[in-house]
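# Structural characterization, general
Listed below, chain by chain, are the residues.
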Amino acid sequence: MSEATVPGGGHRTPPLRSRLPQVGTTIFSVMSALAQQHGAVNLGQGFPDFDCDPRLLDAVNQAMRSGHNQYPPMPGVPALREAIAEKMESLYGHRYDPGSEITVTAGATQAILTVMLAVVHAGDEVILLDPCFDSYAPNIALAGGVAVHVPLTPGTFRPDFDRIAQALTPRTRLIVVNTPHNPSATVWTAGEMQQLTDLLRPTDVLVISDEVYEHMVYDRVRHESIARWPELAARSFVVSSFGKTYHVTGWKVGYVAAPAALTAEFRKVHQFNVFTVNTPVQHGLATYMRDPQPHLELADFYQRKRDLFADGLRATRLRPLPSAGTYFQCADYSGISDEGEHAFCVRLTHETGVAAIPMSAFYACPVEQGLIRFCFAKQSTTLERALERLRKL
Ligand code: GLN
């Protein structure tokens, strides 16, 4: 082989010992690529197929044109942190200090990784409630911690506090809570928050509360933010996302609210990781947030989509599970096929023309329950097109 045909010009690339040997490409990217390849309706990866409010675009555009294009302060643009503090106080009754307790991040995923890097020491244990979002376990591994997987109750996906209690050890540093829950679309109740409070009281365990779907809770149920629970808030990092709330997942802007002592450690890592988050988007968001209507109306907006999609699913051979929050709808296909979830999703994409995510992708040890997750953050026409195809199953 001539040197020109050898990758790297024939020079040897040293072998690597992977820090994440089990990790491949995320299921979301895999299914989106498959959907595109087969021209399928993509209800897999969670993102809206419609645009954000043009007023938000105008606000960001205006910020850029007014010269907000250099580094902002490291923790975020003050006006945006103030707007976040006001929103959280008005919704959840807890005042976070924008100066010392709120940090703007490059999305919730970065926020969660940064918390892990800031508080998890080598060998520390972090409790995850499976099924859970796929970045958590690799984040723990990168921090040198040990993921301790506790299953949510099979069938209902409710937290099982006896099992969580059994998983607590002197090495437990963190537990990750996610409500509204991706992928099961369940939401925690006040009673469950109380149980978590009681369970953690005698410990020094911290909490990451992933609340990126905080404004998508249906049927007039209230979102149990950790921020409503003062005793929990004192040990928690509350994480949220503008991408989910304002239909701009590609902007990658989120935030973390945590007591000053926790925020100080968070910022030590944040400043040497992303340093700052892009300036004009922060200014635009701060302007846009002056109007609370967009987040206050979000639950009704998505509830209509949920109802349209869930009603449509009832006319197929799939069986929809309850969706109490998030923009996800799970469905049981066991009446149609006994294939594994991954195989079923691949076949659904290329034979039926609809992409979904296998529930097993959210488990450390994949279990087969005959469940798949759809995202209904789509225009009605997209949902109708998917349902028309699913009726042929
Ligand atoms: N949060 C979204 C989901 O669960 C997508 C995240 C991603 O693509 N990494 O589908």
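The structure this text deals with has already been given above.
Given the structure is predicted, the values throughout are model-derived calculations rather than measurements.

## Details of the site of the ligand
The environment of the ligand is made up of Phe28, Gln45, Gly46, Phe133, Asn182, Tyr213, Phe328 and Arg373. Between the ligand and Gly46, the relevant distance is 2.7 Å, taken from an oxygen atom to a main-chain nitrogen or oxygen of the residue. Within the side chain of Asn182, a nitrogen or oxygen atom sits 2.9 Å from an oxygen atom of the ligand. Burial of the ligand by the protein chains amounts to 80% of its free accessible area of 300 Å². Judged by the fraction of its atoms near the pocket grid, the ligand is located in the second largest pocket. Looking at the shell around the ligand residue by residue, the class counts come to four nonpolar, three polar and one charged.

## Structural notes on the pattern of salt bridges
In the structure shown here, the tally under the stated rule is 18 salt bridges. Notably, a salt bridge pairs Asp300 with Arg220, separated by 3.3 Å at the nearest N-O pair. Taken as a pair, Asp300 in helix α13 (residues 298–314) and Arg220 in the loop between β6 (206–210) and α8 (230–233) lie far apart in primary sequence, 80 residues in all. By relative accessible area, which is 74% here, Arg220 ends up exposed. Where Asp311 meets Arg314, a salt bridge forms, and the shortest distance between an N and an O atom there is 2.7 Å. With Asp311 and Arg314 both in helix α13 and three residues apart, the pair spans about one turn of that helix.

## Regarding the sheet that holds strand β9 (residues 319–320)
Overall, antiparallel pairing links the four strands, which are arranged β9-β10-β13-β12 in an open sheet. What marks the edges here is a single partner per strand, and that holds for β9 and β12 (357–358). Across two bridges, the pairing between β12 and strand β13 (residues 371–375) is antiparallel. Residue pairing across strands places Ile357 opposite Arg373, the latter belonging to β13.

## Here we look at empty space enclosed by the protein
Scanning the model with the defined rule gives two cavities of 30 Å³ or more in all. Put simply, the largest cavity is a space of about 70 Å³. What lines the largest cavity is Leu128, Leu129, Pro131, Cys132, Tyr136, Leu152, Val176, Val177, Asn178, His181 and Trp188. In terms of residues, the lining of the largest cavity owes the most to one element, strand β5 (residues 172–178), which gives three residues. Class assignment for the residues of the lining of the largest cavity results in nine nonpolar, two polar and no charged. When contributions to the lining of the second largest cavity are tallied by element, the ones reaching two or more residues are β7 (236–241) and α9 (242–245). When its residues are assigned to classes, the lining of the second largest cavity shows four nonpolar, five polar and two charged.

## Comments concerning the pairing of β7
Across the six residues that make up β7, a large majority, six, are buried. Taking every second residue as pointing to the same face, both faces of β7 are buried, with Ser236, Val238 and Ser240 on one and Phe237, Val239 and Ser241 on the other. Taken together, the four bridges between β6 and β7 define a ladder with parallel strand orientation. By the bridge assignment, Ile208 is partnered in β7 with Phe237. Sheet topology note: the β7/strand β8 (residues 254–257) ladder contains four bridges and is antiparallel. Paired with Val238 across the strands is Ala257, a residue of β8.

## A few points about the packing of aromatic side chains
If you walk through the whole model with that rule in mind, you get 19 aromatic pairs. Judged by centre distance (5.9 Å) and plane angle (55 degrees), the rings of Phe28 and Phe362 are tilted. Here Phe28, found in helix α1 (residues 27–38), pairs with Phe362, found in the loop between β12 and β13; they are 334 residues apart in sequence, far enough to count as distant. One exposure class covers both Phe28 and Phe362, and it is buried. Seen from their ring centres, Tyr333 and Phe344 are 3.9 Å apart, and the 5 degrees between their planes marks the pair as stacked. Of this pair, Tyr333 sits in the loop between β10 (328–332) and α14 (341–352) while Phe344 is found in helix α14, placing the two residues 11 residues apart along the sequence. The pair formed by Tyr333 and Phe344 is uniform in burial state, with each residue classed as buried. Aromatic ring contacts, followed pair by pair, group Phe50, Tyr213, Tyr218, Phe301, Tyr302, Tyr327, Phe328 and Phe376 into a single cluster. The ring of Phe328 has Arg373 lying over it, and the distance from NZ or CZ to the ring centre is 3.6 Å. The cationic tip of Lys378 hangs over the ring face of Phe47; the distance from NZ or CZ to the ring centre is 3.8 Å.

## Things to note about the layout of surface pockets
Which parts of space are left empty comes out when a probe the size of a water molecule is rolled across the atoms. Computed from the structure, the largest pocket encloses a volume of approximately 780 Å³. What lines the largest pocket is a set of 30 residues, among which Gln22, Val23, Asp134, Ala137 and Pro138 lie closest to the centre. Of all the secondary structure elements, the ones that give two or more residues to the lining of the largest pocket are α5 (136–142) and β4 (146–151). Looking at the lining of the largest pocket, the element that brings in the most residues is α5, giving four residues. Its residues assigned to classes, the lining of the largest pocket comprises 18 nonpolar, nine polar and three charged. Here the second largest pocket defines a volume of roughly 520 Å³. Around the second largest pocket sit 27 residues that line it, and Gly46, Thr109, Phe133, Lys244 and Lys252 are the ones nearest its centre.

What counts as what
- Residues numbered from 1 in each chain as written.
- Predicted model: local features only at pLDDT ≥ 70, side-chain atom pairs only at ≥ 80, totals over all residues.
- Heavy atoms only, no water.
- Near = heavy atom within 4 Å.
- Polar contact = N/O pair within 3.5 Å; in protein donor to acceptor, adjacent residues only side chain to side chain.
- Areas by Shrake-Rupley, 256 points an atom, 1.4 Å probe, with all protein chains shown as cover.
- 1 Å grid on protein atoms, 1.4 Å probe; cavity = no way out; pocket = protein on both sides within 12 Å on 5 of 7 lines; lining within 4 Å.
- Sits in = over half its atoms within 2 Å of the grid points.
- Nonpolar A, V, L, I, M, F, W, Y, C, P; charged D, E, K, R; others polar.
- Salt bridge = Lys/Arg side-chain N within 4 Å of Asp/Glu carboxyl O.
- Helix = DSSP H or I, 4+ residues; strand = E, 2+ residues; numbered from the N terminus.
- Buried < 20%, exposed > 50% of the residue type's maximum accessible area, 1.4 Å probe, protein only.
- Pairing = 2+ DSSP bridges.
- Points joined across faces, edges and corners; volume = space filled by probe spheres on them.
- Phe/Tyr/Trp six-rings, centres within 6.5 Å; stacked < 30°, edge-to-face > 60°.
- Lys NZ or Arg CZ within 6 Å of the ring centre and 35° of its normal.

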